[in-house]
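Secondary and tertiary structure notes
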Amino acid sequence: KQEVTQIPAALSVPEGENLVLNCSFTDSAIYNLQWFRQDPGKGLTSLLLIQSSQREQTSGRLNASLDKSSGRSTLYIAASQPGDSATYLCAVRTTGSGNTGKLIFGQGTTLQVKP
Amino acid sequence: KAGVTQTPRYLIKTRGQQVTLSCSPISGHRSVSWYQQTPGQGLQFLFEYFSETQRNKGNFPGRFSGRQFSNSRSEMNVSTLELGDSALYLCASSAGTAFEQYFGPGTRLTVT
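**Description of the nonpolar core**
In this structure, L33, W35, L75 and Y88 of chain A are the most contacted members of the largest nonpolar core, which totals 24 residues. Those elements giving two or more residues to this core turn out to be strand 3 (19–25), strand 4 (30–38), strand 5 (44–51), strand 7 (62–67), strand 8 (72–77), strand 9 (86–94) and strand 11 (109–114) of chain A.

**Thoughts on the environment of Q17 of chain B**
All names here are of chain B. Tracing the backbone through its elements, the reader meets Q17 in the loop between strand 2 (10–13) and strand 3 (19–24). The exposure class assigned to Q17 is partly exposed, which follows from its relative accessible area of 36%. For the pair formed by Q17 and E82, sequence separation is 65 residues and the distance between their alpha carbons is 8.6 Å. Leaving out residues up to four positions away in the same chain, Q17 has contacts with V78, S79, T80 and L81. Within the structure, Q17 has its side chain in polar contact with the backbone nitrogen of T14 (distance 2.8 Å).

**Section: the sheet that holds strand 7 (residues 64–68) of chain B**
All names here are of chain B. Spatially, four strands are ordered 1-3-8-7 in an open sheet, and the strand pairing comes out antiparallel. Every interior strand has two partners, whereas the edge strands, strand 1 (5–7) and strand 7, have only one. This sheet shows a mean twist of 20° between the axes of neighbouring strands, independent of strand direction. The sheet contact formed by strand 1 and strand 3 spans three bridges and is antiparallel. By the bridge assignment, T5 is partnered in strand 3 with S24.

**Some thoughts on the state of the cysteines**
Using the criterion set out here, one finds two disulfides over all chains in the structure. Residue pairing for C23 of chain A: its cysteine sulfur links by disulfide to C90 of chain A, the two sulfurs lying 1.9 Å apart. As the torsion about the S-S bond is roughly -55°, the C23 of chain A-C90 of chain A disulfide counts as left-handed. Here the residue C23 of chain A occupies a position in strand 3, and C90 of chain A occupies one in strand 9, the gap between them amounting to 67 residues. Like C90 of chain A, C23 of chain A is buried. One disulfide in the model links C23 of chain B with C91 of chain B; its S-S distance is 1.7 Å. Every disulfide takes its handedness from the sign of the S-S torsion; for C23 of chain B and C91 of chain B that torsion is -50°, giving left-handed. Taken as a pair, C23 of chain B in strand 3 and C91 of chain B in strand 9 (residues 87–94) lie far apart in primary sequence, 68 residues in all. Note on C23 of chain B: relative accessible area 0%, which makes it buried.

**Some remarks on the sheet that holds strand 3 of chain A**
All names here are of chain A. Pairing is antiparallel across the open sheet formed by five strands, whose spatial order is 1-3-8-7-6. Looking at the sheet topology across the chains shown, the edges are occupied by strand 1 (4–7) and strand 6 (56–59). Neighbour-to-neighbour, the strand axes of this sheet turn through a mean angle of 15°, independent of strand direction. Of the strand pairs in this sheet, strand 3 and strand 8 are connected by six bridges, and their pairing is antiparallel. From the neighbouring strand, V20 faces strand 8, where its bridge partner is Y76.

What counts and what doesn't
Residues numbered from 1 in each chain as written. Chains lettered and ligands numbered in written order. Predicted model: local features only at pLDDT ≥ 70, side-chain atom pairs only at ≥ 80, totals over all residues. Heavy atoms only, no water. Core = buried A, V, L, I, M, F, W, Y, C linked by side-chain atoms within 4.5 Å. Buried < 20%, exposed > 50% of the residue type's maximum accessible area, 1.4 Å probe, protein only. Helix = DSSP H or I, 4+ residues; strand = E, 2+ residues; numbered from the N terminus. Contact = heavy atoms within 4.5 Å. Polar contact = N/O pair within 3.5 Å; in protein donor to acceptor, adjacent residues only side chain to side chain. Pairing = 2+ DSSP bridges. Axes fitted to C-alpha atoms, helices over the stretch in contact; angles between N-to-C directions. Disulfide = S-S within 2.5 Å.

And the structure:
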């Protein structure tokens, strides 16, 4: 059974700092991995999607890496800003048995960036 | 292109009642998935529909059901509501084989 863990559960950093959020999963047979951002009481915003054959994806100040063999992904945020404060969720899509699988989420890391 | 929309945004129901939530996917997206989010359990997959067929289901009781229409709009129904069904229900749509999920704002259901 696929399980996704995110560490730390919460993180507080001063503005301008570079930071790394961690995600680990127990079954390396994944279809893809997606990072999301969620603001309080809101839906999820997709940040980056990494297919199983890829090692990393970049978008602006964000860089996500994937190491399937070790069951790990990291989300790197450069030059953090107060507007980056949110909960960051990692989700893996299972490969399923002849179907498209399903998305399994971690519990999230709540980030606070202080001005 | 308009995003995923969900209606209603907020709902208050009484135990034992039933509720129907609606989701309109991004235009051209044929896959719609539903998730339940609670503080204790986090985000959990309910089911996924593609071309009016359920192609994946999570571990929820039969009180939770869904359907998808020919225009890809989807509804989920919860019958005989329990207090524990209070949650944020999120819908997501995707297209193609990348399966990148785009989420709606959610429906906040409160059961009293």
